[in-house]
Each structure stands twice: as C-alpha cells, then as structure tokens.
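# Examining the three-dimensional arrangement
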Amino acid sequence: MAPAMGLKRPAAAAAAATATQTITLPPQGVAVRDAVRGAVRDAELPPRAPAMSAPAPAAAVDGVLCFEEVEGRRWSYVVEGAASSAGKTGRVSARARGGSAAPVGATFRAVPLQSPLPPAEEIMSFIRSYVVPEGFPDSVTPSYVPYMTWRALKHFFGGAMSVFTTRALLNSVGVSQSRATSGAVAINWILKDGAGRVGKMLFARQGKKFDYDLKQLRFSGDLMMELGAGIELATAAFPQLFLPLACMANVVKNVAAVTSTSTRTPIYKAYAKGENIGDVTAKGESVGNIADLLGTGMSILMSKRNPSLVASFAVLSCGYLLSSYQEVRSVVLNTLNTARFTVAVDSFIKTGHVPSLKEGNLEETIFNPPWRHQPVAIGSRFGEAFQEPASFVATRPLFEDERYIVTYNPAKDKVYALLKDQAKQDDILKAAFHAHVLLHFINASHANLKARKRMNSDQGSYHYVNPNPLNMDFLAHIEESCKIVTSSYGVFKRKAREQGWIMSDSLLNPGRARLCGVAPQ
C-alpha cells in the first residue's frame, strides 16, 4: 500500500485550532500529484503569494549553464553536444517545460576557471587538512597557535624518551640478556606504538563529522576497539606475525580512542545544566575508571580458572558492544543532524506531528555502515545531480526565489539538493526538508509503478516503462513538492521548536559545493 502523508494546515478563520489533515496517496492507477493537488485545494489556505511560484519562461541558455564554487575554486558547466532531433529521442524538449532552448540529449562538462595549484601549494593544502581545524584561523581563538606549538614540542620529546624508557623496562623484566635482542624488541614495540599514533593522526581529519554524527562515530569507535582487541588476541596464535598484527591492532585501537575522546565532551555537555561541564566530565571519568578497575579485578579472578580464551573474549565482547549501543542510544541531543532530521521530517510527512526530543533520539539510526544507500544528498556537485543540461534548464525556474535547487537523479536513485552561494542556515534546513518531501513523492510513485506492473502481469497486459529515465521525467513531482513545501515548511519549523529542537544550528553536514549563478544573457 502506498504511504500516507499528513500535513498540518491553517483552517478557516473561524476555526479555534489547527486541523490535522491526512493525505493518503492513492493506490495504483492514480497519480500522486493529483491527490496532493486536491488536498491543497481542500485545505482552504488563506490567499497569499507563494514563495515558489510557477516557473517563468527561462531565457535561452547558450554555452554555460552555471558556475560552481567548491572550497574557493570555481568551475563552469558548459553545454556540448545534442541529440539529432527530438523525434529520435521521443522526449519533450526543455522548451516545453521551462522555455529554454537547451536541446534534450545534450551533455555538459565541468571546466575549471583557475589554473591548477602549484605542486608545493597542493602539498601544503593537503598538510593543512590534517593539522589545522576547518576555517583556520577564524575558527579558533588567538591562543590556539601557541598552545598547539608547545603541545607538539612536548609530544616530540615524550616520543623520543619512550624509546629509551621502553628498552629499559624490557631489560629490567629480563626479556633478554643481549643488548641486540633487547634493542630489537624495543624497536618492534616502538614501531607498534608509532603505527597507532599515525592512525590516530589520519583519522583526526574527519573534522566536523565528530560534531555532526557523534553518536554514530562513538559506536563505530567502540566496534573498532573490539576489532583491535581481536587482532591483538590473534598474536597469541601467530607469534611470528607479532609486529604486523600488533601494528594493525594499535592503529585500529588508536582510531577508536580518537572517536571516544572527540565525542566525550559534547555528550557530557548534553547532560550539564549551567556552567558545570567540568564537574560533569570529572565525575563521568571517575565512574568509568571505577568500573574499569572492577572489570580488571574480575578478569584476574577468572583467569586463575584457565577458561577458554576465545569463549571468554566472545562473551565479554558481546557485553561490551551491547552496553555501548545502549549507552549511545540513551543520549538525548536537541540538535538536528542528518539521522534525527530524517526521523523528524518523515514523522511530520506521515502524521503531521514532529517527535519529541526523546522519541527522535530513540528512533535515530545509530549504526550506519558506509555501504548503505543514502537517498538524500545536501550540497552536492552539479554533475552528480543532473544528467543533462535540459533537465537543469527546466528545473531552475521553479527555484528562482529560493537559495537552493532540488532534483531527483533516477540513475543514482537519489534526491539532490544543490545550494546556491547565498544559502544560509535556514536555507540549508529548507533544502533538506524539501528533499525529503520530494523523496516521499518519488517513493510513492515507485510503489504505484510496482503495483501497476503486478496488476498488468496478472492480467497479461503490457505497460511501457522508460528504461532510462532522466531528471526531467520527474519534473511534475518536483513542481508538486514545491507547493507542499511552500505551505508546510513554516508549520514544521514551529512544531519542531515546540518540541525543543534547535532549528537555528543544524548539523546536516552539507557538501561544500555552491552554485554561483548562470551565464549572463
């Protein structure tokens, strides 16, 4: 059955409260947009000028489609090539919808507007991405540089001393009576620790992801900690591979340590009331240390009975991961990252209500493997979102009054929200909301198409389906989503604030690409 969409709309002036209207997308045979259009008529909205009006005829575009800026570098997208005729492709031209002369079947290419950076500057840019925060120096206080300078020196001397102290420790416990042997063992040990430090440094490049998806990264870090422990366990079975296995384990465990350290303060901050974050952090670390000591004492008692090493590790790992999952899941944050924003918008679209802070956090997806398909992308590159120039030219007039453009790429089965260079925080929120509304239309359309296919198959009839759809084939859904967003985005924001969600500081982690405009006519 097709999904249902419920949206709260203002009723007539005499109504005492806002009415909730549930729009049930029709089953097979009826277009989604007809149902939504009828619901908009029945809602008796007060007359007002829509934020996103019907598309005005676009001027002919010849050559350059638009400009894009990513991290200070600019590109232009240039039209090239065209289908021999509209009759051969069987498609409606862009002029029929947007008034443009861009031919259907044409392609485009990205042309850099700056010469490539010198190799030395490329290397320095690469190094800066590892050692300074994003937006440096404006993103930190002036005291950041001297603090990090002295911190680097301290760790330099500390690392140098560790070679000698480790060798002394190994000699003192009688690892070997030979200087050569103790030196070789010490070097192996230092290499193991050094590999871990390299892994910690490389993973620090995740940057703001520690703020955007701290729950997801915290749980992923605990998974990696267990993976590292498992690799360390394997050194007992393969002692001849001690160095590579120990280095690998140390890299994994140090990456996990970075995630734990980087996400600890925001989590404590969520529990602190007033200016007591230091006290909350100190007490939290104290509880963790007490529990760690108790666990160590228990494992010492267990080891005296010589239990199976693999079985003990498996049981303890299961308990560790279960506790970690529940720990992360219990954190209640009032900001909207991608996962919580998806929960809030989906609930609003289907029921007309925004979930509370506790409900939204409980329904948030904690484990999100990298291979899972993400149906919505915010701040993407132009070339990822559009398949051909005609689709962009037909879609652009719908968003003349907005600071973003939303489209659906059927080749990648993903909704893209492209941000313009004037886009502010609220524009990013609105673009993400619009993308999820359009995704709801697309999913309903796909469900109806599958239902028609089953019905036609049962009846022995045949219904032609275009095997290679383009962005422009879904323009009707984009037009209808604009009407829904115009009337419902303000309601969504109001209800989200009533539930305690912070709407002015979203953590949606948009891409850095921005549309800078189109070529002058």
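Shown above is the structure to which this text applies.
A brief structural summary. (Residues numbered from 1 in each chain as written. Predicted model: local features only at pLDDT ≥ 70, side-chain atom pairs only at ≥ 80, totals over all residues. Heavy atoms only, no water.)

What follows concerns the overall build of the protein. When you go through the protein residue by residue, the secondary structure sums to 17 helices and 11 strands. Split into buried and exposed, the 521 residues of the protein put 37% on the buried side. A fraction of 75% describes how many contacts in the protein between residues 6 or more apart in sequence connect residues 24 or more apart. Surface exposure of the protein reaches about 28,700 Å², of which carbon and sulfur atoms provide 60%. (Helix = DSSP H or I, 4+ residues; strand = E, 2+ residues; numbered from the N terminus. Buried < 20%, exposed > 50% of the residue type's maximum accessible area, 1.4 Å probe, protein only. Contact = heavy atoms within 4.5 Å. Areas by Shrake-Rupley, 256 points an atom, 1.4 Å probe, with all protein chains shown as cover.)

A separate point is helix α17 (residues 475-498). The end-to-end C-alpha separation of α17 is 34 Å, in line with the 34 Å expected for 24 residues at 1.5 Å each. Most pronounced at Ser-488, the bend in α17 amounts to some 45 degrees. When you tally the buried positions in α17, you get 18 out of 24 residues, the bulk of the element. (Expected span 1.5 Å × (residues − 1). Bend = angle between axes of the 7 residues up to and from the residue.)

Moving on, we get to the pattern of salt bridges. Per the stated rule, a full pass over the model turns up 12 salt bridges. Across the pair Lys-215 and Glu-364 runs a salt bridge whose closest N-O atoms are separated by 3.1 Å. Linking Lys-215 in helix α8 (residues 214-237) with Glu-364 in the loop between α13 (357-363) and β7 (376-378), this pair joins segments that are 149 residues apart in sequence. By relative accessible area, which is 1% here, Lys-215 ends up buried. (Salt bridge = Lys/Arg side-chain N within 4 Å of Asp/Glu carboxyl O.)

All right, on to the layout of surface pockets then. If you add up the space inside the second largest pocket, you get close to 1,400 Å³. In terms of lining, the second largest pocket is formed by 40 residues, of which the most central are Glu-226, Gly-288, Ala-291, Asp-292 and Tyr-320. In terms of residue count, helix α10 (residues 277-303) provides more of the lining of the second largest pocket than any other element does, 13 residues in total. Taken together, the residues that form the lining of the second largest pocket break down as 16 nonpolar, 16 polar and 8 charged. (1 Å grid on protein atoms, 1.4 Å probe; cavity = no way out; pocket = protein on both sides within 12 Å on 5 of 7 lines; lining within 4 Å. Points joined across faces, edges and corners; volume = space filled by probe spheres on them. Nonpolar A, V, L, I, M, F, W, Y, C, P; charged D, E, K, R; others polar.)

On to the packing of α8 against helix α11 (residues 309-329). Running from N to C, α8 and α11 cross one another at 170 degrees; their axes reach a closest spacing of 10 Å. Comparing the axis directions of α8 and α11 gives the class roughly antiparallel. Taken together, the residues of α11 that come into contact with α8 (itself represented by Lys-215, Arg-218, Phe-219, Asp-222, Leu-223, Met-225, Glu-226, Ala-229, Gly-230 and Leu-233) are Leu-309, Phe-313, Ser-317, Tyr-320, Leu-321, Ser-324, Tyr-325, Glu-327 and Val-328. (Axes fitted to C-alpha atoms, helices over the stretch in contact; angles between N-to-C directions. Parallel < 35°, antiparallel > 145°, perpendicular 65-115°, else oblique.)

Along the chain, His-477 turns up in helix α17. Sequence separation between His-477 and Tyr-408 is 69 residues, and the spatial gap between their C-alpha atoms is 9.4 Å.

Turning our attention to the nonpolar core. If you look at the biggest cluster of nonpolar residues, it comprises 58 residues, and the most contacted ones within it are Phe-341, Phe-382, Phe-433 and Phe-492. Tallying contributions element by element places helix α16 (residues 425-459) first for this core, with 11 residues. What Phe-492 contacts, discounting residues up to four positions off in sequence, is Phe-341, Ala-344, Val-345, Phe-348, Val-354, Phe-433 and Met-503. (Core = buried A, V, L, I, M, F, W, Y, C linked by side-chain atoms within 4.5 Å.)

This brings us to the sheet that holds β7. Strand order across the open sheet formed by 3 strands is β7-β9-β8, with mixed pairing between neighbours. Across the chains shown, the open sheet's two edge strands, defined by having one partner strand only, are β7 and β8 (404-409). Across this sheet, the average inter-strand angle for adjacent strands is 15 degrees, counted without regard to direction. (Pairing = 2+ DSSP bridges.)

Relative to each other, helix α12 (residues 338-351) and α17 sit at 120 degrees, their axes nearing to 11 Å. Classified by the angle their axes make, α12 and α17 are oblique. Regarding α12 and α17, the two cross each other, and that crossing is right-handed. Listed contacts from α17 to Phe-341, Ala-344, Val-345 and Phe-348 of α12 are Ser-488, Val-491, Phe-492 and Lys-495. (Left-handed = near helix turned anticlockwise from the far one by under 90°.)

With that out of the way, let us pick up the packing of aromatic side chains. Inspection of every chain in the model, using the stated rule, returns 15 aromatic pairs. Plain terms: the ring middles of Phe-341 and Phe-492 are 6.0 Å apart, the flat faces sit at 80 degrees to each other, and that makes the pair edge-to-face. Of this pair, Phe-341 sits in helix α12 while Phe-492 is found in helix α17, placing the two residues 151 residues apart along the sequence. Considered together, Phe-341 and Phe-492 belong to a single accessibility category, that of buried residues. (Phe/Tyr/Trp six-rings, centres within 6.5 Å; stacked < 30°, edge-to-face > 60°.)

Here we come to unusual backbone geometry. Even without a glycine there, the phi angle at Asp-413 is positive, about 50 degrees. By the element assignment, Asp-413 lies in the loop between β8 and β9 (414-419). When its relative accessible area of 39% is taken as the criterion, Asp-413 is described as partly exposed. Positive phi, close to 50 degrees, is recorded for Asn-509, a residue that is not glycine. Checked against the element boundaries, Asn-509 lands in the loop between β10 (502-507) and β11 (513-517).

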